[in-house]
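Here is how the chains run, residue by residue.
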Amino acid sequence: MSYNSLGDGRLGFSFIDLFAGIGGLRLAFEKAGGHCVYSSEWNKYSQQTYFANFGEIPDGDITKVVATAIPNHDILVGGFPCQPFSIAGVSKKQSLGRKTGFEDKTQGTLFFDVCRIIEAKRPKAFMLENVKNLCSHDKGNTFRVIKESLNDLGYKIFYKVLDGKEYVPQHRERIVIVGFDTKLFYDADIKFQFSITPPDRSPIVSDILEESVAEKYTLSDKLWSYLQNYAIKHKAKGNGFGYGIAPLDGVTRTLSARYYKDGSEILIEQAGKNPRRLTPRECARLQGFPDSFKIPVSDTQAYRQFGNAVVVPLMSNVAQLIVDELRYLQASQSVNISRVDCAVDSQKVALAYA
């Protein structure tokens with residue numbers, strides 16, 4: 001890791017951006033002082049948005065990328081898709097007393113590609129982000145395999161479900177997995193904590209609303225009637241399904257990739273007319289993207305992209321914590337190595353005078 005200053009006193013480091021989407025995690029790690037040396041994202045519309053904002057088109061299908069061809073980097077970053085793991089063959093190997101590595105457990109999933117890149121490039125640390133339900137996915141088997149696989153690769157991992165509602169006016173829970181290379185920091189005490197520090201004032205919905213909004217975002221009479229009737233029908237059945245009117249002085253429900261369909265989970269009340277859905281710019285703000293972030297795609301694609309994105313300021317906070325921990329670990333390791341060198345030198349001096 002480089003100790004050169006990037007002009008703001010923070011530690012300089014390199015990172016790669018896997019399953020990059022539109023670059024929310026890249027924004028977070030750049031704010032922490034990082035320099036992105038590689039990115040990968042297969043969706044062509046997300047690639048357009050990424051290019052508009054970062055000036056580069058990410059690599060496509062990560063399964064076809066040769067891991068050793070990826071540039072060296074300090075931190076691997078990615079929001080990998082959640083897939084079920086096949087454990088066929090693993091039980092048999094275990095019964096025979098044979099050790100099973102990540103390849104046996106994860107082959108055929110996109111998480112395997114994360115693992116093979118980690119194995120090939122040995123980043124000092126990584127940060128992976130996923131949906132809250134990853135912990136319970138496939139009856140807990142998926143997360144168990146993830147933890148075992150990362151441990152098998154020689155990383156000490158830490159994970160926690162974090163809610164972005166103190167950083168943006170949205171209830172959005174995601175699991176964050178952080179890992180540090182125990183082969184590199186073999187003599188250091190790795191005790192990472194998710195000691196996030198939200199802003200003193202939590203934003204509210206009214207903070208992210210645009211002053212002037214086009215009429216096309218107002219729900220039609222037909223759609224508004226359908227949503228009301230749908231809610232009434234499910235309420236009678238005891239279900240909680242239905243549209244959601246966002247409180248202007250509070251937080252919204254979770255923005256999802258399906259928001260483009262009808263916008264029902266987050267609606268804004270309007271005096272004298274039907275409620276409206278959020279604009280793409282408001283969705284960007286709801287995820288903490290700066291207003292300077294360019295949106296070059298259609299509304300439909302923009303809704304999908306921001307619905308799949310991360311809460312940028314929350315991830316920026318986590319990114320800085322990782323960088324701070326790496327600074328501490330590297331400094332501790334250097335001190336320990338220096339002590340060993342001094343001990344060796346002292347022993348040489350003693351032998352010389354013997």
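Throughout what follows, the structure given in this document is the object of discussion. Just so we're clear, the structure is a prediction, and the values are computed from it rather than from any experiment.

Topic: the pattern of salt bridges
Part 1: Counted by the stated rule, this structure contains 17 salt bridges.
Part 2: A salt bridge links Glu148 to Arg144, with the nearest nitrogen and oxygen atoms 3.2 Å apart. With Glu148 and Arg144 both in helix H6 (residues 141–152), this residue pair falls four residues apart, about one helical turn.
Part 3: Arg144 gets classed as partly exposed once you look at its relative accessible area, which sits at 35%.

Focus on the nonpolar core
Part 1: Counting residues in hydrophobic clusters, the biggest one holds 59 residues, and the most contacted among them are Phe29, Ile75, Phe180 and Ile322.
Part 2: Among the elements that line this core, the one with the most residues is helix H11 (residues 312–352), at ten residues.
Part 3: Residues contacting Ile322, with those up to four places away along its chain left out, are Phe29, Ile75, Ala125, Met127, Val178, Phe180 and Phe192.
Part 4: Membership of the second largest hydrophobic core comes to 26 residues, among which are Leu76, Val114, Leu134 and Ile157.

Quick look at the environment of Ile295
Part 1: Among the structural elements, Ile295 can be located in the loop between helix H9 (280–286) and helix H10 (299–307).
Part 2: A sequence separation of 242 residues divides Ile295 from Asn53, and the C-alpha atoms of the two residues are 8.6 Å apart.
Part 3: Each residue touching Ile295, except ones within four places of it in the same chain, is listed here: Pro280, Arg281, Ala284, Ala302 and Phe306.

A short note on the packing of helix H5 (residues 110–121) against H6
Part 1: The N-to-C vectors of H5 and H6 enclose an angle of 10°; their axes lie 10 Å apart at closest approach. Viewed along their axes, H5 and H6 adopt a mutual orientation that is roughly parallel. Residues Phe111, Cys115 and Ile118 of H5 pack against Ile146, Ser149 and Leu150 of H6.
Part 2: In the contact of H5 with H6, the residues fall into five nonpolar, one polar and no charged.

So, helix H1 (residues 24–31)
Part 1: For H1, the buried fraction is high: six of the eight residues fall into the buried class.
Part 2: Just downstream of H1 lies Gly33, where phi reads positive at about 105°.

Focus on unusual backbone geometry
Part 1: One non-glycine residue, Phe19, adopts positive backbone phi at about 50°.
Part 2: Tracing the chain through its elements places Phe19 in the loop between strand S1 (13–18) and H1.
Part 3: On the basis of relative accessible area, Phe19 is assigned to the buried category, the value being 17%.
Part 4: Residues other than glycine seldom take positive phi values, yet Arg122 does so here, at roughly 45°.
Part 5: When you line up the elements, Arg122 lands in the loop between H5 and strand S4 (125–131).

A look at the packing of aromatic side chains
Centre-to-centre distance and the angle between the planes together describe a pair of aromatic rings.
Part 1: Counting across every chain of the model gives 17 aromatic pairs.
Part 2: Between Phe80 and Phe111 the ring centres are 5.3 Å apart and the planes differ by 45°, which places this aromatic pair in the tilted class. With Phe80 in the loop between strand S3 (75–78) and helix H3 (90–95) and Phe111 in helix H5, this residue pair connects regions lying 31 residues apart in the sequence. Just as Phe80 is buried, Phe111 falls in that class too.
Part 3: These aromatic residues form a ring-pair network of at least three members: Phe158, Phe180, Phe192 and Phe194.
Part 4: A cation sits over an aromatic face here: Arg304 above Tyr260, 4.3 Å from the ring centre.

Reading the values: the criteria
- Residues numbered from 1 in each chain as written.
- Predicted model: local features only at pLDDT ≥ 70, side-chain atom pairs only at ≥ 80, totals over all residues.
- Heavy atoms only, no water.
- Salt bridge = Lys/Arg side-chain N within 4 Å of Asp/Glu carboxyl O.
- Helix = DSSP H or I, 4+ residues; strand = E, 2+ residues; numbered from the N terminus.
- Buried < 20%, exposed > 50% of the residue type's maximum accessible area, 1.4 Å probe, protein only.
- Core = buried A, V, L, I, M, F, W, Y, C linked by side-chain atoms within 4.5 Å.
- Contact = heavy atoms within 4.5 Å.
- Axes fitted to C-alpha atoms, helices over the stretch in contact; angles between N-to-C directions.
- Parallel < 35°, antiparallel > 145°, perpendicular 65-115°, else oblique.
- Nonpolar A, V, L, I, M, F, W, Y, C, P; charged D, E, K, R; others polar.
- Phe/Tyr/Trp six-rings, centres within 6.5 Å; stacked < 30°, edge-to-face > 60°.
- Lys NZ or Arg CZ within 6 Å of the ring centre and 35° of its normal.

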